[in-house]
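Inside the fold
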Amino acid sequence: MVENSTLIINGSIYINSSGTLILKNTTIYMNLSYDGEHNIHVNGALILFDSKITAYNVSNNFRIIVKGILKTFNSEISYAGYKKRSSLAGILVDKGYMVMNNTVVHDCFGIDIEIAEAQIFNSCIVNNLWGIFIFNSDGICIKGCNISYNGAGIVTWELKYSKIQECIISNNKYGVYLYESYWNEIVSCKIINNSKHGVSFVGSRSHHNRILFSKIADSKYCIYGEYTEINMIINSTISRGDIGIYLSFSSRNLISDCIIANNSEGILLNHSSLNVIRRCNISRNFVGVSLFKSASNNIEQVFVLNNYYGIKGYNSINNVINNCNISGNSNGIELKCAYDNVINNCNITKNAEGINIVVSENNLILRCNTENNANCGISMMISHENNITCCVIKGSTYGVYIFNSTVKINTCIISNNTFGIYLFYSVKSFINKCIINTSDYGIHLVSSFKNMISENTIVSNEYGTYLLDSKENIIVFCDIRNNTYAISFYSACKNTVSCSNITCNQHGLYFDLFESFENRIFFNNFIGNEEQSNFFAYQIWTTVTKVKYAYNGTIWEFKIGNYWDVDRKTDKDGNGICDEETFYGVSKQLMKPTWNYVIYDSDFDNLNDVEENIYNTNPESADSDADNVSDFMEIFIYGTNPNNEDSDHDGMPDGWEIKYNLNPLNPVDASHDDDYDGLTNLEEYLHGTDPQKRDSDADGFDDGVEVALGTNPLNPFNNPRTRLTIFSITLAISCIIAFLVIVRMVKKHLASS
């Protein structure tokens, strides 16, 4: 034991494997003329109590190399470490054991723990090249330490089953950097002001690490994960970073019960999948959660508040946003170039924009409450096949705004908006079974075509349905009542209104004079309107074809019109159609409301004769375009044109495309070769082959090969092999015949000579 001394050591210190050196209240100065001239080699045990080891000349440094035991208590180690090949450690614990308690390590090249055991408690590790480097070790415990102003605070490589607890790790370049490390915990730490990363998980073997009850702030990346999986970040605060949590090419990580605030981006998932963000408060970031080219992640029970973008997805698929409260953001949720995502049961309120979907397909918004978003509750631009179902959409300028898109809006309550549903330059959207009320415009169509408005209740709006410069839209089975204007037509042509109740409105139908024409209006009930229609000319008020129906127990077949609640009607033949044309010259008025008429389905295709008139199909044929798909299936299942056998004009009939699981609405698949046989799908159709089988006749030759060689790809007995066999036989017979002819000629010549 050396006690109460100050020593200047001019050589190396060696402690052999059986030896122990104890320093108590002692200072040792290592006196070197150059780096590494002398070192301290601990093969036995070195124990420090209230002692100090440092360099006499701080320009020339030594190292402490521990292969045995190092224990320090209330001590200080400084100016240890220098460059030697790849090793920089000031204190190297190599297959040894270290306990450090209430010790200060400063101005060193750091502590290097390699294949060793260590416990570091209540120590201050500052101003080192790195604080602590741990390689291929397990069971390490670092608790209550201040690790600051180092190049890196804690760096690990293949660390496992270790814990960093109650530490302050600050003002380093990297706070905690875990590389290929697993089953470690960071608990109750304060990790702040690290310039690059607060905590890093890197490498495919970095998994099952946990951050618990910690504060991580003021770094470029507060938490950085790359190629990592199954890590957990729980009950922690992540704030004031360029990016709060960054996961790249990472999967199955959990972020739960965290506060993520005041970052440029709160959480960024880049090319990452199957991660879960749960019960977090994500607020006051520029972007709350960003999904970039990421798939199958789950965001659930999260509060996303007062960000510029609440949740932003780009080129991401199959993600689920479930049971979230998204409020006070400039943009609540924005999906761009995103596919097959689900937004379910979310409360999206008081944002400038609620949900904005751009150039995206097949996304589902289900059971969401979008209220009091200033501009749009839900908007879609240049997006197709998206679905809004069972939502409440209230209190916005635009409840639903659709631009150049196709969407299905089902079973929603849309109320107290300036525009309930606004379709601009949109085609083949579907609005079904919605309640649309108390708005300036219930449904507003501008330059939109072939949209379906079906089975909706449109009540107490200024304009129930407003069609501007729109054509071939269908309004059917709707209840339109107590509006100022039930349906308005402005430069709107060839639209259809049928099977609807238009009741108790101030104006039933309103047309701009001479600009709207050939709108088809039949089999509706006009009851209790102050003005049924302001104009009757230029429209079509009956079915185009005869309809088979039963009235008062008798079957009839006539063209039929609408029911108008006016007097002076007679029906001498009892067919339910008014004899006189007394109502502004409109013919075929019904004697009673439409529910008194039973309409037949003449061709048994599940479309009754009135519906055949609505969709312009042939009531005498179940398949109007003879493409082997019934009219009903084309309209309600596949969305194809029942009057055109090739809806997408790609040269392949709808029925053939459906049979072989192609898309009858996408012409691009005509050029695909799905079975890789050398024939495009269109060529398969033209040759009658199966586009899902490389070898349609199972003769061992691909269809493309047979077509190229001129054999029949549908006949197993006509293929290149059989053709070669026939050619060989034919050639052999020809050779034999030629040989016999030559023999005969030779014999004849010999006989004549």
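Refer to the structure presented above.
The text that follows walks through the structure, step by step, so that each part is easy to find. In this text, all values refer to a predicted model and were calculated from it rather than measured experimentally.

What counts, and at which threshold
- Residues numbered from 1 in each chain as written.
- Predicted model: local features only at pLDDT ≥ 70, side-chain atom pairs only at ≥ 80, totals over all residues.
- Heavy atoms only, no water.
- Helix = DSSP H or I, 4+ residues; strand = E, 2+ residues; numbered from the N terminus.
- Rg over C-alpha atoms; globule rule 2.2 N^0.38 Å.
- Buried < 20%, exposed > 50% of the residue type's maximum accessible area, 1.4 Å probe, protein only.
- Contact = heavy atoms within 4.5 Å.
- Areas by Shrake-Rupley, 256 points an atom, 1.4 Å probe, with all protein chains shown as cover.
- Phe/Tyr/Trp six-rings, centres within 6.5 Å; stacked < 30°, edge-to-face > 60°.
- Lys NZ or Arg CZ within 6 Å of the ring centre and 35° of its normal.
- Salt bridge = Lys/Arg side-chain N within 4 Å of Asp/Glu carboxyl O.
- Core = buried A, V, L, I, M, F, W, Y, C linked by side-chain atoms within 4.5 Å.

1. Brief notes about the overall build of the protein chain
When its secondary structure is counted, the protein chain shows 6 helices and 76 strands. Taken against the 2.2 N^0.38 rule, which gives 27 Å for 753 residues, the C-alpha radius of gyration of the protein chain at 41 Å runs more than 25% over that of a compact globule. Counting every position in the protein chain, which comprises 753 residues, the buried fraction comes to 54%. Contacts in the protein chain between residues at least 24 apart in sequence constitute 30% of all its contacts with a sequence separation of at least 6. Surface accessibility of the protein chain: about 31,500 Å² in total, with carbon and sulfur atoms responsible for 52%.

2. Comments concerning the packing of aromatic side chains
Using the criterion set out here, one finds 46 aromatic pairs in the structure. Judged by centre distance (5.8 Å) and plane angle (75 degrees), the rings of Phe286 and Tyr309 are edge-to-face. Separated by 23 residues along the polypeptide, Phe286 in the loop between strand 38 (281–283) and strand 39 (287–292) and Tyr309 in strand 42 (residues 309–314) bring together distant segments of the chain. A relative accessible area of 14% means that Tyr309 is categorised as buried. Among the aromatic residues, ring-to-ring pairing joins Tyr398, Tyr401, Phe419, Tyr422, Tyr441, Tyr463, Tyr466, Tyr485, Tyr490 and Tyr510 into one connected group. Note that Arg63 overlies the ring of Tyr82, its terminal NZ or CZ placed 5.7 Å from the centroid.

3. Details of the pattern of salt bridges
According to the stated counting rule, one finds 13 salt bridges in the structure shown. Between Glu76 and Lys52 there is a salt bridge, with the nearest N and O atoms lying 3.9 Å from each other. Note that Glu76 is positioned in strand 11 (residues 76–78) and Lys52 in strand 8 (residues 52–55), a separation of 24 residues in sequence. Connected through salt bridges with shared partners, the residues Lys67, Asp94 and Lys95 form a single ionic network.

4. Description of the nonpolar core
Membership of the largest hydrophobic core comes to 124 residues, with the highest contact counts inside it found for Ile113, Ile142 and Ile388. The element that contributes the greatest number of residues to this core is strand 66 (residues 485–490), accounting for 3 residues. The next biggest cluster of nonpolar side chains, apart from the first, holds 22 residues, and it includes Met452, Phe522, Tyr549 and Met591.

5. What to know about unusual backbone geometry
Unlike most non-glycine residues, Lys433 shows phi in positive territory, near 55 degrees. As for its placement among the helices and strands, Lys433 is situated in the loop between strand 58 (430–432) and strand 59 (435–437). A relative accessible area of 45% means that Lys433 is categorised as partly exposed.

6. Concerning the environment of Val302
Mapping Val302 onto the fold places it in the loop between strand 40 (298–300) and strand 41 (303–305). Sequence spacing of Val302 and Ile282 is 20 residues, and the spatial spacing of their C-alpha atoms is 7.4 Å. Not counting residues up to four positions away in its chain, the partners in contact with Val302 are Ile277, Arg278, Arg279, Cys280, Ile282, Asn323, Cys324 and Asn325.

Without other data, these values stay purely geometric and don't point to any function.
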